[in-house]
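# What the coordinates show
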Amino acid sequence: MTTVTLVDLGYGNLASIETSLRRLGADVRRASSPEGIGDAERLLLPGVGAARFAMERIVQLRLADALRDFARPALGICLGMHLLFERSEEGDVDTLGLLSGTVRKLAPAPGISVPHMGWSKLQVSSQSIGLTTGDYVYFAHSYAGADGPATIASADHGGPIPAVVHSRNWTGAQFHPERSGPVGTRFLSVWLST
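In this report, the structure presented in the accompanying data block is examined. Residue positions are given per chain, counting from 1 as you read along its sequence in written order. Reporting of local features is limited, given that this is a predicted model, to residues whose pLDDT is at least 70; pairs of side-chain atoms are given and counted only at 80 or more, and all residues count toward the totals for whole chains, interfaces and linings. Neither water nor hydrogens contribute to the side-chain values; these are computed over all heavy atoms in the structure.

This part is about the sheet that holds strand 12 (residues 160-167). Being paired, for any two strands, means DSSP has found at least two bridges between them. Helical segments are the DSSP runs of H or I of at least four residues, strand segments are the runs of E of at least two, and each set is numbered from the N terminus. With mixed pairing, 9 strands are arranged side by side in an open sheet as 2-1-3-4-13-12-11-8-9. In the strand order of this sheet, the two ends are held by strand 2 (27-31) and strand 9 (136-141), each with one partner. Direction aside, neighbouring strands of the sheet carry axes that sit 30° apart on average. By the bridge criterion, 5 bridges tie strand 1 (residues 3-7) to strand 2 in an arrangement that is parallel. Within strand 2, the residue paired with T5 across the bridge is R29. Whether two residues are in contact is decided by their heavy atoms: any pair within 4.5 Å suffices. Comment: axis = line fitted to C-alpha atoms, over the contacting stretch for helices; angle = value between 0 and 180 degrees taken between N-to-C directions. Along the sheet, helix 6 (residues 181-193) makes contact with strand 1, strand 3 (42-45), strand 4 (74-77), strand 8 (116-124), strand 9, strand 12 and strand 13 (170-173), crossing strand 3 at roughly 140°.

So, about the pattern of salt bridges. Each reported salt bridge corresponds to a side-chain nitrogen of Lys or Arg within 4 Å of a carboxyl oxygen of Asp or Glu. The full count for this structure, using the stated rule, is 8 salt bridges. As a salt-bridge pair, D92 and R87 come within 2.5 Å of each other at their nearest N and O atoms. The residue D94 makes a salt bridge to R87 at a minimum N-O spacing of 2.3 Å. Taken together, the shared-partner salt bridges connect E18, R22 and R30 into one network.

This part covers helix 3 (residues 51-60). We call a residue buried when its accessible area falls under 20% of the maximum for its residue type, exposed when it is over 50%, and partly exposed in between, using a 1.4 Å probe and counting protein chains only. Those residues of helix 3 not exposed but buried are A51, A54, M55 and I58. Looking straight down helix 3, one finds that the buried residues subtend no more than 95° of arc, so they occupy a single side. Looking at the packing, one finds that the buried side of helix 3 touches helix 4 (64-69), helix 5 (79-82), strand 5 (87-88) and strand 6 (93-94). Residue R62 follows helix 3 closely and has a positive phi angle near 60°. In this context, the arc is that of the directions from the helix axis out to the C-beta atoms.

Here it is as structure tokens:
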């Protein structure tokens with residue numbers, strides 16, 4: 001059985017992610033200490049909330065170095081993905097710096113709402129993540145990470161936005177797999193097995 005450690009910052013969508021992982025047979029634990037993160041088999045950094053508050057909690061709990069140094073499979077979801085970048089406009093804060101670039105506020109435009117909430121179609125460049133071009137997944141965000149070489153799946157919301165990024169051992173999902181039905185389940189299942 002695969003063991004996944006959820007980074008517990010004291011708020012967020014932990015329960016829904018935990019339920020989704022348990023349905024897939026994972027043993028789920030929570031950690032809010034550097035030791036708990038360092039001992040993890042797999043790590044998941046969830047996200048609902050604001051970047052500045054999340055980084056303040058990470059600093060208060062002394063987790064930043066443990067997250068940066070983690071070398072086994074790791075996944076950041078939504079805000080958890082944003083924190084992987086160098087900086088966020090949401091609160092004008094330095095983040096973990098595991099990916100280059102800045103997380104920026106989405107710009108509203110005719111036909112483009114902010115926040116981006118709902119189902120969007122993916123364009124996928126790597127089949128290794130359990131997603132394919134044309135899959136629909138559920139988004140709920142007002143900020144998006146920088147599009148760059150780490151992007152392996154994108155969605156269109158007034159232009160391409162990274163939906164999945166990957167660098168070294170870290171994967172980031174802008175969408176919410178726990179709310180994305182069978183497609184999200186497939187994505188989590190592949191992450192658990194690779």
